Amino acid sequence: METDTDLAPAVESILEAARERPGGDEVVDVDARSLPDAVARAEADGRVPVIAEVKPTSPTADGTRDDDPVELAEAMVAGGATAISVLTEPSHFGGSAESLTRIREAVDVPVLRKDFLLREAQLDAVAADLLLLIVRFLEPETLEDLVAAARERGFQPLVEVHDRAELETALEAGAEIIGVNNRDLARLEVDLETFESVAPHARRVTRHDGANGDTASTAPDDVTLIAESGVSSPADVRRMRAAGADALLVGSAIMDHGAGDSDVTENTRRLVEAEDDET
Ligand SMILES: O=P(O)(O)OC[C@@H](O)[C@@H](O)c1c[nH]c2ccccc12
């Protein structure tokens, strides 16, 4: 799980940088805005729950957007976004902790910190409502420790998986908010079938409850399931929702890196309204 050998070179380079990155000076204490509540509010007023991502660039993007991150986030919220994801990774995604802090002050929806976190101290770099933890890059025990450490600080951990085995690891670590990344980290290619194949198992996985070897089927109905990456059209939104997505995490289709002046509010709205004609 921790070997880098089958990762794309860009991902290896991201991890190398992540290992070097220092943590915060003090343990943060967050009063988090609830993502499940925000998702429920969106559903109640007929919006598809979209977590819109402020991602200035990425190893797979066509270019860089250097608009003010706060204006981008506000435009996303104006388009109906349920939450905002902010890349804080500086060397490959153009992100920063400062952008996240400014965005979190400016909007009232939950804000996810998107980074490659490997050690507990790195959780303390900046306050956010949600924190991404990626199963692929962490030993199961470390994942469990980081989930606990995140909760102690008040963060809601969003645990990212890419296949069924990782899903099992996430559930065993106690994850309640799970993202299935449609992008594989080996070739960086996107396949929406990933979510379709993993999602059905998220709600009826058998958890092993250790001690006496008993297994208890916990069928955690309360898991918030997020389809991540590669969602670019209203049809993709409907496809992921049909496969069981409670929410969608969308970056590129909203940022539209290739077209610098693309309207982020409109890009968000067309995904948020993807189910409007259906009911
Ligand atoms: O731009 P996309 O294809 O809509 O994807 C957004 C998001 O899922 C993607 O940025 C992402 C998913 N997992 C990550 C982990 C780290 C950095 C970025 C990501």
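Residues numbered from 1 in each chain as written. Predicted model: local features only at pLDDT ≥ 70, side-chain atom pairs only at ≥ 80, totals over all residues. Heavy atoms only, no water.

Per an unreviewed UniProt entry, the recorded name for the protein is Indole-3-glycerol phosphate synthase, and the organism is Haloterrigena gelatinilytica. The UniProt entry for the protein carries this comment under Sequence similarities (unreviewed entry): "Belongs to the TrpC family." Under Catalytic activity (unreviewed entry), UniProt gives the following word-for-word description of the protein: "1-(2-carboxyphenylamino)-1-deoxy-D-ribulose 5-phosphate + H(+) = (1S,2R)-1-C-(indol-3-yl)glycerol 3-phosphate + CO2 + H2O". (UniProt positions renumbered as here; feature names shortened; annotations may be inferred.)

Across the interface, helix 7 (residues 164–172) lies against helix 8 (residues 193–202) with an axial gap of 9 Å and an inter-helix angle of 35 degrees. Our pair here, helix 7 against helix 8, has a crossing hand that is right-handed. Along its contact with helix 7, which presents Arg164, Leu167 and Leu171, the element helix 8 presents Val198, His201 and Ala202. A class-by-class count of the residues in the contact of helix 7 with helix 8 yields four nonpolar, one polar and one charged. (Axes fitted to C-alpha atoms, helices over the stretch in contact; angles between N-to-C directions. Helix = DSSP H or I, 4+ residues; strand = E, 2+ residues; numbered from the N terminus. Left-handed = near helix turned anticlockwise from the far one by under 90°. Contact = heavy atoms within 4.5 Å. Nonpolar A, V, L, I, M, F, W, Y, C, P; charged D, E, K, R; others polar.)

For the rest of this paragraph, the subject is the site of the ligand. In the region of the ligand, 18 residues are neighbours, and Glu53, Glu160, Ser229, Gly251 and Ser252 sit closest. In the environment of the ligand, a nitrogen atom lies 2.7 Å from a nitrogen or oxygen atom belonging to the side chain of Glu160. In this structure, a nitrogen atom belonging to the ligand sits 3.4 Å away from a side-chain N or O atom of Glu228. Looking at the shell around the ligand, the elements with two or more residues in it are strand 4 (130–134) and strand 10 (247–250). Taken together, the residues of the shell around the ligand sort by class into seven nonpolar, five polar and six charged. (Near = heavy atom within 4 Å. Polar contact = N/O pair within 3.5 Å; in protein donor to acceptor, adjacent residues only side chain to side chain.)

Mapped onto the elements of the fold, Thr224 is located in strand 9 (residues 224–228). Leave out the neighbours within four places in its chain, and Thr224 touches Leu35, Pro36, Glu176, Ile177, Ile178 and Asp246.

What follows is about the pattern of salt bridges. Overall, the coordinates contain 18 salt bridges when judged by the stated rule. With a closest N to O distance of 2.6 Å, Lys114 and Glu53 form a salt bridge. Of this pair, Lys114 sits in strand 3 (residues 111–114) while Glu53 is found in strand 1 (residues 50–54), placing the two residues 61 residues apart along the sequence. Glu53 shares its class with Lys114; the two are buried. Asp67 serves as the salt-bridge partner of Arg65, at 2.8 Å between the closest nitrogen and oxygen. (Salt bridge = Lys/Arg side-chain N within 4 Å of Asp/Glu carboxyl O. Buried < 20%, exposed > 50% of the residue type's maximum accessible area, 1.4 Å probe, protein only.)

A few words on the packing of aromatic side chains. All told, the structure shown has two aromatic pairs when counted by the stated rule. For the pair Phe116 and Phe137, a centre-to-centre distance of 6.0 Å together with 45 degrees between the ring planes defines the contact as tilted. In this pair, Phe116 is assigned in the loop between strand 3 and strand 4 and Phe137 in the loop between strand 4 and helix 6 (140–152), connecting sequence segments 21 residues apart. Using a relative accessible area of 11% as the deciding quantity, one classes Phe137 as buried. Clustering of aromatic rings is evident, with ring pairs tying together Phe93, Phe116 and Phe137. (Phe/Tyr/Trp six-rings, centres within 6.5 Å; stacked < 30°, edge-to-face > 60°.)

Strand pairing in a sheet takes place through backbone hydrogen bonds and is either antiparallel or parallel in direction. Pairing is parallel in the closed barrel, where eight strands are placed in the order 1-2-3-4-5-6-9-10. With strand direction ignored, the average angle separating the axes of adjacent strands in the sheet is 25 degrees. Where strand 5 (residues 156–161) lies against strand 6 (residues 177–181), four bridges are found, and the strand directions are parallel. Residue pairing for strand 6: Val161 is matched across the bridge by Val180. Strands strand 4 and strand 5 of the sheet are contacted by helix 6, whose axis makes an angle of about 150 degrees with strand 5. (Pairing = 2+ DSSP bridges.)

A few words now on the side chain of Ser96. Tracing the backbone shows Ser96 in the loop between helix 4 (90–93) and helix 5 (97–106). Residue Ser96 is classed as buried on the basis of its relative accessible area of 19%. Of note is the side chain of Ser96, whose polar atom sits 2.9 Å from the side chain of Ser99. Apart from residues no more than four positions distant in its own chain, Ser96 is found in contact with Leu87 and Thr88.

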